[in-house]
Each structure stands twice: as C-alpha cells, then as structure tokens.
Amino acid sequence: MKHDFHANPTLRFVIPVMSESILNTVVGLVFSYLIGGISASSLTTIAQGNQVITLICAAATMFVTGSGILCARLLGAGERLDASRVVEQAILLSAAASLTITVLCLIFAAPMMELLMPRADAEVLSEGIAFFRMLILSLPFAMLNNAFTSVMRASGDGRSPLIISTLLCGLQLLFSWLFLRVIPLDIVGAGLSYLLSRAIGSTVAFIMLMHSHQYVLKIREMFKPHVPTFKRILKIGVPTSVESIFVQTGYLVASSMVIGLGTFEAAVYNVANTLYSFAALPQGICSTIATTMIGQLIGAHEFKRAKRTGWHIWMIGMGASFILSMGTAIFGSSLTPIYSSDVQIQANAASALWAVAVMCVPAISLNTLDPQLRVGGDVKYVMYVTIIAVWAIRLPLTYLLCYVWNMGAVGVFWANTLSLLFRMVCNMARFIKGKYLYMRV
C-alpha cells in the first residue's frame, strides 16, 4: 500500500515544520544576544566558526540530502523496507565521515582559522581558534542529528523533529546561560553549550527514530556497508554536496573579505546577517516542505499534482518572505541595538537591512524551486548553476563592491542578491519545463 502522506499534510507535517523553524530562529537570535555580550568581536568569531562547521556539514549533504530524497520517493511508492535500508546506510556514512573530519579539524584548527580569518586582529583570531576547537567536537552529533531528522521529515513526520529541536534549543539556552553568565567561560562556554546540547539532542533523536512506525530499522545493519544502497544515495547526494561545498566555501571567502575590511565593517555585516535569519524564516520552511511533499507525490506518480503543489509553495513562500523582510528593514533601527551598543554600527546595520530585504526575494524563490528540482533528480543542473552564480558572479562582485567601490559590508549583500537573481532565472526556466518530474533516481 502506498504511503498516504500527501492526502492530509497540513496538520501532520506543515505546521510542525513551521513551528520548528520559528523556534530555531528565535533561539538563534537569543543566543546571538548572549554571545554579543562577550566582546565586540564575539559575533564575528562565532559566525566564522559556525560557517566552517556549515561547510563541513555541506560535504555531508551527500548522505543527508541523498537519503532524505530517496526516502521520500520510496515511501511515496510504498517501498518501506528499501527506505529503511537507505536510513541505515545514511547513519553509517554520517558517523564514519563525521568522526574522521573531527579528528582532522582538531589537528589543523589553528592554521585553518588563520587561513579563514586573514588580517583579523589578534584577539579575534585567538577567540576564533578557541571556539572552533570546542565547536568541532560537536560535529559528529550535529551530522548524525541532521541525518536523523532528515529521514524523519522525509516520512512526513514533522512532529518528532519539532520535539528534538525544542529539546536542543532549550538545552542550548540553558547551557549558554550557565556557561556565559553563571560560570563565565566566555567564548569556550559558547562552544561548550553547542557540544552538550547536540550530544543530548542527537541521542534522543536516535532513540525516537528507532521507534518510528515508518521505518523498520536494525542496529546491526548500520554497521554493514551495502554498496548498491551507497550508490543510490550518492547518485543524488554527491552533486548536492558539491553544490553545498562551493556555496559554503563562497560564503567563507566572502566573510573573509568582510573581516579584511576591519572589525567595524565585520560587526555591521554580522549584526545585519543575524537579523537576516529572521527575515529568511520562510526559506527553510518552504525548502523542507517542498522536498517531502513533492518527493512523495513524484514517488506516487502524481506528477500534475506535484507541479501544482510546487507552485502553491512558491507563491506562499514569496508572500511570507516579502512581509517578514520588509518588516525587518522597516524596524531595523529598533532591532540592531539588541546586538551592538555602538551607535554607528547600529545605523549602518539598519541601512544594510534594506539590501537584505531585496535579497530575500530571489532567496525564497530558490528555496522553493531548488528542492523540487533535486527531489526530481535534476541535481546536476542545480549544481552547475549554483557554482557559476557563486564563483563567477557573487565573489567577483563582492570584491568589486567592497574594495573597489568602497561600499563596505552592504556590498556583500548586493553581490549576493545579483548572484541569487541569476540562479532564480535559470532554475525557474527549468522548473517550468517540468522534465524533473519524470527523472529516475
């Protein structure tokens, strides 16, 4: 019997996904507020360390995204046992890769941060290395948790990831308060809060996944490599991983350019970028919903309904993104003081939020269209377009706007906007043709 997720997705999936995304965003803003009290450079330090982790996790999307897409399509086709084998192999791959990367990053932490933070003040660099060493210890838990929640959502289960995120967020705030205010460990305390909350959260996530009614999982099978399943995961996952690596590397290079402008411009950028997480709230929601809903509809061969549902997700996402991004820009002068006490940083960051508002338009479009192309199997096209946009458009423009035209931190947002517009046009054309609906994965 085919999986009936697409029959009534709203209460069982969409609302929990929205709730989870809102929760993560709000807690992220609160955590940034706590971090901002450590030092003038702390937000920059945390942001750079987290981008390295994001880049590493991007490499692991070959397991997470590949397994999530396969599970959505297999469950949509009613192939529950095959989906379970995919989950087991995704866990094995994620665990092996994360442990290897963690050891390497601990060994080369100092030279890595020196390379990624050129021209940084000695204090900023020292903070960056200390934070990164603590943060990298949480990588295996973060990668495994991503794998667990990805396959949960692929099955149409939005409730379990919401419970896990609620636990993670609550623990992170508790440990942040403990290690930053009660026992002031400063930047190391911030890293420790990540480590402990992710360790506990991923353990709970694993227990919940093992009790899932959508999969039939066996722990002993998670230690047995299964090459045919590996190949199916990697066929979808490798192009997605390559795309994510190029994107996140591009973000790191752009952030390094901002740091090269000086501590002031770096602070302006990171305050505006922190508030961008609120304006970008619909992006993660639409991406998650599109992957699961469209994947299961394609798996069930309901192609016309998949295309129609995809358009609905796009329209709703555009409307929500416009409201939130404009609201963030309009009230920017009231929001920026939360993350900086410097009046000039507040003013410049508030101005930058208007560029952020414009950037949100192509960004939400990509976060609704790209997942649908990927879940259909059109992963290589998305990869090529993304690499061209980031490395041939965004980074050259970032250098030009920041260093030649002296636009400062705001130039980073305008450069990203133009690269996103290029991707939006290319992927919209591909989406309209609809060939992705009939590809084999």
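Here the structure is a predicted model, which is why all the values come from computation and not from measurement. (Residues numbered from 1 in each chain as written. Predicted model: local features only at pLDDT ≥ 70, side-chain atom pairs only at ≥ 80, totals over all residues. Heavy atoms only, no water.)

The N-to-C vectors of helix 7 (residues 139–154) and helix 8 (residues 159–182) enclose an angle of 150°; their axes lie 9 Å apart at closest approach. It follows from the interaxial angle that helix 7 and helix 8 lie roughly antiparallel. Taken together, the residues of helix 8 that come into contact with helix 7 (itself represented by Asn145, Thr149, Met152 and Arg153) are Ser160, Pro161, Ile164 and Leu168. The residue makeup of the contact of helix 7 with helix 8, split by class, is four nonpolar, three polar and one charged. (Axes fitted to C-alpha atoms, helices over the stretch in contact; angles between N-to-C directions. Helix = DSSP H or I, 4+ residues; strand = E, 2+ residues; numbered from the N terminus. Parallel < 35°, antiparallel > 145°, perpendicular 65-115°, else oblique. Contact = heavy atoms within 4.5 Å. Nonpolar A, V, L, I, M, F, W, Y, C, P; charged D, E, K, R; others polar.)

Attention now goes to the packing of helix 3 (residues 61–76) against helix 10 (residues 227–260). Viewed as axis vectors pointing N to C, helix 3 and helix 10 meet at an angle of 130°, and their least axial separation amounts to 7 Å. By the angle between their axes, helix 3 is oblique relative to helix 10. Crossing of helix 3 against helix 10: the hand is right-handed. Every residue of helix 10 that contacts helix 3 at Thr61, Met62, Phe63, Thr65, Gly66, Ser67, Ile69, Leu70 and Leu74 is listed here: Arg232, Ile233, Leu234, Ile236, Gly237, Val238, Thr240, Ser241 and Ser244. In the contact of helix 3 with helix 10, the residues fall into nine nonpolar, eight polar and one charged. (Left-handed = near helix turned anticlockwise from the far one by under 90°.)

With 16 residues, helix 3 extends 21 Å between its outermost C-alpha atoms, agreeing within 8% with the 22 Å of an ideal straight helix rising 1.5 Å per residue. Phi turns positive, to about 80°, at Gly78, one or two residues after helix 3. (Expected span 1.5 Å × (residues − 1).)

A contiguous nonpolar patch, built from Leu174, Trp177, Val182, Ile183, Leu185 and Val188 and spanning about 510 Å² of accessible area, is present on the exposed surface. Summarising the element assignment, Ile183 is placed in the loop between helix 8 and helix 9 (186–210). A relative accessible area of 41% means that Ile183 is categorised as partly exposed. (Patch = residues over 30% accessible without salt bridge, like charges linked within 9 Å, V, L, I, M, F, W, Y side chains within 5 Å. Areas by Shrake-Rupley, 256 points an atom, 1.4 Å probe, with all protein chains shown as cover. Salt bridge = Lys/Arg side-chain N within 4 Å of Asp/Glu carboxyl O. Buried < 20%, exposed > 50% of the residue type's maximum accessible area, 1.4 Å probe, protein only.)

On to the packing of aromatic side chains. This model, assessed by the stated rule, comprises 10 aromatic pairs. When the centroid spacing of 5.2 Å and the interplanar angle of 25° are considered together, the rings of Tyr269 and Phe413 count as stacked. Separated by 144 residues along the polypeptide, Tyr269 in helix 11 (residues 263–279) and Phe413 in helix 17 (residues 410–433) bring together distant segments of the chain. The buried category is assigned to Tyr269, whose relative accessible area is 7%. By relative accessible area, which is 2% here, Phe413 ends up buried. (Phe/Tyr/Trp six-rings, centres within 6.5 Å; stacked < 30°, edge-to-face > 60°.)

Here we come to the environment of Leu366. Counting through the fold element by element, Leu366 comes out in helix 15 (residues 343–376). Residue classification places Leu366 among the buried residues on the basis of a relative accessible area of 3%. Along the primary structure Leu366 and Met18 are separated by 348 residues, whereas in three dimensions their C-alpha atoms are 18 Å apart. What Leu366 contacts, discounting residues up to four positions off in sequence, is Pro371, Leu420, Arg423, Met424 and Asn427.

This part takes up helix 16 (residues 379–404). Given a rise of 1.5 Å per residue, 26 residues ought to cover 38 Å, and the 36 Å separating the end C-alpha atoms of helix 16 matches this to within 8%. For helix 16, the principal kink sits at Arg394 and spans about 30°; a proline, Pro396, occurs within the next four residues. The positive-phi residue at the C-terminal boundary of helix 16 is Asn406, with phi of around 55°. (Bend = angle between axes of the 7 residues up to and from the residue.)

Once that is clear, we can look at the nonpolar core. Cys71, Val87, Ile91, Leu209, Tyr215 and Ile289 are the most contacted members of the largest nonpolar core, which totals 49 residues. The biggest single contributor to this core is helix 12 (residues 281–299), with nine residues. Among all residues touching Cys71, those that are not within four sequence positions of it are Ala83, Val86, Val87, Val151, Ala154 and Tyr215. (Core = buried A, V, L, I, M, F, W, Y, C linked by side-chain atoms within 4.5 Å.)

Our focus in this paragraph is a positive patch on the surface. On the surface, a cluster of positive charge is made up of Arg232, Lys235, Lys380 and Arg440. Residue class for Arg440 comes out exposed when judged on its relative accessible area of 75%. (Lys, Arg positive; Asp, Glu negative; His and termini not counted. Charge placed at Lys NZ, Arg CZ, Asp CG, Glu CD.)

Now for the confidence of the model for the protein chain. Overall, the predicted model of the protein chain reaches an average pLDDT of 85, with 91% of residues at or above 70. When the elements of the protein chain are averaged for pLDDT, helix 2 (residues 42–59) gives the smallest value, 69, and helix 17 the largest, 94. Below a pLDDT of 50 lies the segment residues 1–7, which in the model reaches 23 contacts outside its immediate sequence neighbourhood of four places, other chains included. (pLDDT = per-residue confidence, 0-100.)

Now for the pattern of salt bridges. With the rule as written, the count across this model stands at eight salt bridges. Across the salt bridge formed by Arg85 and Glu88, the nearest N and O atoms sit 2.8 Å from each other. Here Arg85 pairs with Glu88, and both are found in helix 4 (residues 80–107), just three residues apart, close to one helical turn. Classification of Arg85 as partly exposed rests on a relative accessible area of 26%. Classification of Glu88 by relative accessible area gives buried; the value is 1%. Within this structure, Glu243, Asp370, Arg374 and Arg423 form a network of salt bridges that share partners.

On to the side chain of Ser67. Position of Ser67 relative to the elements: it lies in helix 3. The class of Ser67 is buried, set by a relative accessible area of 0%. At 3.0 Å, the side chain of Ser67 and the backbone oxygen of Val64 are in polar contact. In this structure, Ser67 is in contact with Val86, Ala90, Val151 and Ile233, ignoring residues within four places of it in sequence. (Polar contact = N/O pair within 3.5 Å; in protein donor to acceptor, adjacent residues only side chain to side chain.)

What follows deals with unusual backbone geometry. Phi is positive for His301, close to 65°, though the residue is something other than glycine. Tracing the backbone through its elements, the reader meets His301 in the loop between helix 12 and helix 13 (303–330). According to the relative accessible area criterion, His301 is exposed, its value standing at 56%. Unusually for a residue other than glycine, Asn406 sits at a positive phi of about 55°. Given a relative accessible area of 61%, Asn406 falls into the exposed group.

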